[in-house]
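# A look at the structure
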Amino acid sequence: MAIETLNQMIATHPEVLRNLKRAQITRYAVDQREGLVLPCGALSTWTPPESTGRSPKDTVIVRYPELEEHIDWTSPNNLSIDPETFHRLWIDALTVLWKKPRVYVTDRVIGADPQYAMPVQTVTDFALTSLFTMNMFRPVPSKIDKSLFADKPFTLLVAPYDKIDTSRYEGRLRKREDGTTSDMIIAMDFKNRLGLVYGSAYCGSAKKLMFTAMNYYLPHENILPLHCSANEDHQGNVSLFLGLSGTGKTTLSADKNRSLIGDDEHGWDENGIANFEHGCYAKLIDLEPEKEPEIYKAVFSHREIEENGVIIENCMTYPNGTVDQFDARLTQNSRVSYPLRYLSNVKIKGTGRHPSTIIFLTADANGVLPPISRLNAEQTMLWFLMGYTSKLAGTETGIKEPQTTFSRFFGQPFMANKPSYYANLLGRKMKQHKTRVFLVNTGWSGGPYGTGSRIDITQTRAMLDAAMEGQLDNVSYTENKRFHLSVPDSCPGVNAEILHPENTWSDKNAFEQRAEALAREFSDYFDQAYSNADIDPAVRVQCPGK
Ligand SMILES: Nc1ncnc2c1ncn2[C@@H]1O[C@H](COP(=O)(O)OP(=O)(O)O)[C@@H](O)[C@H]1O
Ligand SMILES: C=C(OP(=O)(O)O)C(=O)O
């Protein structure tokens with residue numbers, strides 16, 4: 001059959017994908033072709049330098065008139081593509097895949113709640129990508145026919161190492177600042193439920209594409225998707241940890257005293273919360289057994305893995321089996337993917353009650369935000385809308401020094417709908433479930449990045465324990481007037497000196513200047529992003545610098 005005919009068939013009849021030359025995904029398939037097997041039971045893989053992080057970081061969405069009322073085209077992260085161009089890219093990717101000696105197909109779902117689990121079929125020529133989907137996406141539940149999305153499956157094509165022939169796309173794809181067109185794209189068609197990763201070998205691209213798809217569909221079903229990790233205590237009290245990349249969602253939710261529900265993506269519906277995923281995707285850089293014992297054990301103590309093993313991505317590894325997680329020469333964003341069950345304390349079912357505590361994580365490289373503060377309802381909405389952190393060298397390519405970032409809902413590139421969809425759902429749920437909220441700064445103390453030091457993980461954990469166990473419910477608080485935050489004056493297990501950041505700086509003038517500058521950045525960004533939005537004045541006055 002001519003390839004063009006086949007492509008037309010695939011485009012109009014997605015079930016043809018099922019007849020592709022499928023290969024079995026086994027560790028053997030991966031070992032033979034793609035990875036280095038390490039004696040610690042992991043596979044190690046490298047990607048090209050431009051593919052060691054989330055680049056491009058934007059979301060390319062097919063533009064249809066019927067989706068106009070939902071999608072926020074004012075967001076700089078939402079880029080549009082016309083249906084014809086997407087179709088051409090889709091056909092090109094299929095053509096590329098069809099010519100490969102083997103294609104791997106996995107059938108999984110996104111979402112632990114069978115009521116809204118989204119079936120996803122991933123087709124790729126790279127066995128390791130398939131293995132990644134087995135780690136990260138969930139097995140199809142027996143009750144899948146009850147899901148809202150049972151007859152609306154999603155198809156994901158991943159051609160990680162092939163590049164777009166940009167000459168076929170003159171005038172069709174957005175040019176970069178240097179006038180060239182990127183030969184990689186991560187694009188999605190929400191109407192036809194198609195996702196395409198073309199030219200990006202970073203495993204995170206596939207997982208974040210599916211996250212973005214869920215974040216688009218779920219608010220239309222009254223389910224709030226969140227960029228957060230989640231765990232629960234022995235009584236089943238759930239905590240959520242919302243934050244942008246590098247703020248500590250994965251690190252802090254892996255806790256031997258609390259069962260992990262998930263490390264990155266969850267939905268909150270009428271029954272409680274549910275993990276979207278089946279595995280973790282942790283950062284490997286500087287991983288130490290003393291500071292992150294649970295993750296360390298998950299990575300290095302599974303020597304007997306036959307299948308669905310640990311995948312180490314972009315970390316220096318050697319044929320004798322050693323892994324040097326302190327070597328950042330390939331990238332700061334070295335990663336490890338493993339199934340949730342490799343952690344010692346995990347709730348495999350992936351669901352939990354309505355959260356009793358929500359933690360907003362921020363890594364403030366200015367060193368001026370308190371390490372922990374309590375937020376009232378208006379402050380919660382404000383910090384959710386602002387999504388502040390300092391972007392650190394890591395997940396996104398091109399970031400070398402910390403950079404102030406405002407990314408609403410702690411994940412703007414992944415939240416394609418207009419902001420009111422997410423903000424209204426959170427506001428309603430918080431009120432209904434009386435959830436307590438804290439802002440936790442996992443960034444710098446004693447001075448900014450370069451002068452001060454990053455807050456010790458064990459100190460952050462002590463603050464979180466106190467907050468989640470209710471030990472901060474009845475202590476005295478001091479109002480931080482500049483940032484409109486309530487700061488506890490004491491916290492069990494924590495040196496009280498560090499709770500008010502001005503006490504940790506030797507140069508008080510430098511502190512004042514830095515704090516004032518950050519408050520101004522908040523105020524300027526708020527004016528730019530929300531001047532035309534219908535924001536409650538009681539929320540507006542909580543903005544730092546106002
Ligand atoms: N006080 C702290 N709290 C949390 N993480 C910290 C802290 N200090 C340093 N880190 C490091 O910051 C990184 C946080 O990354 P991670 O937990 O993967 O973030 P996320 O899941 O939000 O992207 C880890 O490499 C961790 O070791
Ligand atoms: C995998 C990613 O998310 P996180 O850094 O939050 O784990 C990513 O943004 O590429």
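Just so it is clear, the model here is predicted, and its values are computed rather than measured.

## Some words on the UniProt feature "binding site: substrate" (unreviewed entry) in the chain
Per the UniProt annotation, the sites labelled "binding site: substrate" (unreviewed entry) are Arg54, Tyr202, Lys208 and Arg335. Across 282 residues in sequence, these annotated residues keep their C-alpha atoms within 14.2 Å of one another, forming a single compact spot. Locating Arg54 in the fold gives a position in the loop between strand S2 (42-45) and strand S3 (59-62). Judged by local crowding, Arg54 falls into the buried class, with 20 C-beta atoms found within 10 Å. Beyond its immediate stretch of four places on either side in the chain, Arg54 contacts Tyr202, Gly204, Ser205, Lys208, Thr395 and Glu396. Among the structural elements, Lys208 can be located in helix H5 (residues 203-217).

## Describing the site of ligand 2
Contacts to ligand 2 come from Arg54, Gly204, Lys208, Ser245, Asp264, Tyr281 and Thr395. Across the shell around ligand 2, the residue classes tally to 1 nonpolar, 3 polar and 3 charged. Counting contributing residues, the shell around ligand 2 receives three or more from each of domain 1 (3-35 + 47-220) and domain 2 (227-277 + 348-540).

## Observations concerning the UniProt feature "binding site: Mn(2+)" (unreviewed entry) in the chain
Mapped onto the present numbering, the UniProt feature "binding site: Mn(2+)" (unreviewed entry) falls on Lys208, His227 and Asp264. These annotated residues cover 57 residues of sequence, but their C-alpha atoms sit close together, with the largest distance between any two at 10.3 Å. By secondary structure assignment, the location of His227 is in strand S10 (residues 224-232). Ignoring any residue separated from it by four or fewer positions in sequence, one finds His227 in contact with Leu242, Glu265, Phe409, Phe410, Gly411 and Phe414. Mapped onto the secondary structure, Asp264 falls in the loop between strand S12 (259-262) and strand S13 (265-269). For Asp264, a count of 28 C-beta atoms within 10 Å corresponds to the buried category. Sequence-distant contacts of Asp264, that is, excluding residues within four places in its chain, are made with Ser229, Lys249, Thr250, Glu277 and Tyr281.

## Section: the domain arrangement of the chain
Along its sequence, the chain is carved into domain 1 (3-35 + 47-220) and domain 2 (227-277 + 348-540). Just the C-alpha atoms count here: the centres of domain 1 and domain 2 sit 31 Å apart. If you tally residues by element for the side of domain 1 that touches domain 2, the top one is H5, at 6 residues. Its residues placed into classes, the side of domain 1 that touches domain 2 shows 12 nonpolar, 11 polar and 8 charged.

## Considerations on the packing of helix H8 (residues 377-386) against helix H9 (residues 419-433)
H9 packs onto H8 with a crossing angle of 150 degrees between their chain directions and a minimal axis gap of 11 Å. Regarding the angle of H8 to H9, the classification is roughly antiparallel. Where H8 crosses over H9, the two elements pack in a sense that is right-handed. On H9, the residues that touch Ala377, Thr380, Met381, Phe384 and Leu385 of H8 are Ala423, Leu426, Gly427 and Met430. Tallied by class, residues from the contact of H8 with H9 come to 7 nonpolar, 2 polar and no charged.

## Structural notes on the sheet that holds strand S8 (residues 185-189)
Strand order in the open sheet formed by 7 strands is S4-S3-S8-S9-S7-S6-S5, with mixed pairing between adjacent strands. The two strands at the open ends of the sheet, each matched to only one other strand, are strand S4 (78-81) and strand S5 (104-110). Averaged over all pairs of adjacent strands, the angle between their axes in this sheet comes to 25 degrees, without regard to strand direction.

## Points about the site of ligand 1
Taken together, 18 residues form the shell around ligand 1, and within it Gly248, Lys249, Thr250, Thr251 and Thr442 come nearest. When contributions to the shell around ligand 1 are tallied by element, the ones reaching two or more residues are helix H6 (249-253), strand S15 (279-283) and helix H10 (457-468). A breakdown of the residues in the shell around ligand 1 according to their chemical character gives 5 nonpolar, 9 polar and 4 charged.

## As for the nonpolar core
Within the largest apolar cluster, 146 residues are counted, with the highest numbers of intra-cluster contacts made by Leu196, Leu240 and Ile359. A per-element tally of this core places H5 first, with 9 residues. Two domains each donate at least three residues to this core, and these are domain 1 (3-35 + 47-220) and domain 2 (227-277 + 348-540). When sequence neighbours within four positions are dropped, the list of residues in contact with Leu240 reads Leu226, Cys228, Ala230, His266, Ile273, Pro355, Ile358 and Ile359. Among the nonpolar cores identified, the runner-up in size contains 5 residues, and Ala363, Ala365, Leu392 and Ile399 belong to it.

## Quick notes on unusual backbone geometry
Of note in the backbone geometry, Phe410 takes a positive phi value of approximately 55 degrees without being a glycine. By the secondary structure assignment, Phe410 is in the loop between strand S24 (403-406) and H9. Among the residues examined, Phe410 registers 26 C-beta atoms within 10 Å and is labelled buried. With phi around 50 degrees, Lys434 is a residue other than glycine that occupies positive phi space. Here Lys434 shows up in the loop between H9 and strand S25 (436-441).

## Describing the sheet that holds S2
The sheet built from 5 strands is open, its strands ordered S1-S2-S16-S19-S15 with mixed pairing. A single partner strand is all that each edge strand has here, and the edge strands are strand S1 (36-37) and S15. Pairing geometry for strand S16 (residues 310-313) and strand S19 (residues 335-339), over 3 bridges, is antiparallel. Pairing of Ile311 across the sheet is with Ser337, part of S19. Packing against the sheet, helix H4 (residues 127-136) makes contact with S2, S15, S16 and S19, and its axis sits at approximately 55 degrees to S19.

Rules behind the numbers
- Residue indices begin from 1 for each chain and proceed along its sequence in written order.
- Starting at A for chains and at 1 for ligands, labels are handed out in the order in which the entities are written.
- Per-residue local features are limited, in this predicted model, to residues with pLDDT of at least 70; the limit for side-chain atom pairs, both in listing and counting, is 80 or more; totals at the level of whole chains, interfaces and linings are taken over all residues.
- UniProt positions are given in the numbering used here, feature names are shortened, and annotations may be inferred rather than shown by experiment.
- Strands here mean DSSP runs of E at least two residues long; helices mean DSSP runs of H or I at least four residues long; both are numbered from the N terminus.
- The exposure scheme places C-beta atoms from the backbone and then counts, for each residue, the other C-beta atoms within 10 Å of its own, assigning buried at 20 or more, exposed at 12 or fewer, and partly exposed in between.
- Contact between two residues is assigned when their C-beta atoms, built from the backbone, lie within 7 Å.
- Any residue qualifies as near a molecule or strand once its backbone-derived C-beta atom lies within 6 Å of it.
- Amino acids outside the nonpolar list (Ala, Val, Leu, Ile, Met, Phe, Trp, Tyr, Cys, Pro) and the charged list (Asp, Glu, Lys, Arg) are all regarded as polar, and Gly is one of them.
- Source of the domain bounds: an automatic or database domain assignment.
- All axes here are fitted lines through C-alpha atoms, helices being fitted over the stretch that makes contact, and every angle between N-to-C directions spans 0 to 180 degrees.
- Throughout, the term roughly parallel applies to angles under 35 degrees, roughly antiparallel to angles over 145, roughly perpendicular to angles from 65 to 115, and oblique to all others.
- By definition, any crossing whose near helix is turned counterclockwise from its far helix by less than a right angle is left-handed, and any crossing with a clockwise turn is right-handed.
- Paired strands, in this sense, are two strands between which DSSP finds at least two bridges.
- To count as a nonpolar core, a set of buried Ala, Val, Leu, Ile, Met, Phe, Trp, Tyr and Cys residues must be joined through C-beta atoms within 7 Å.

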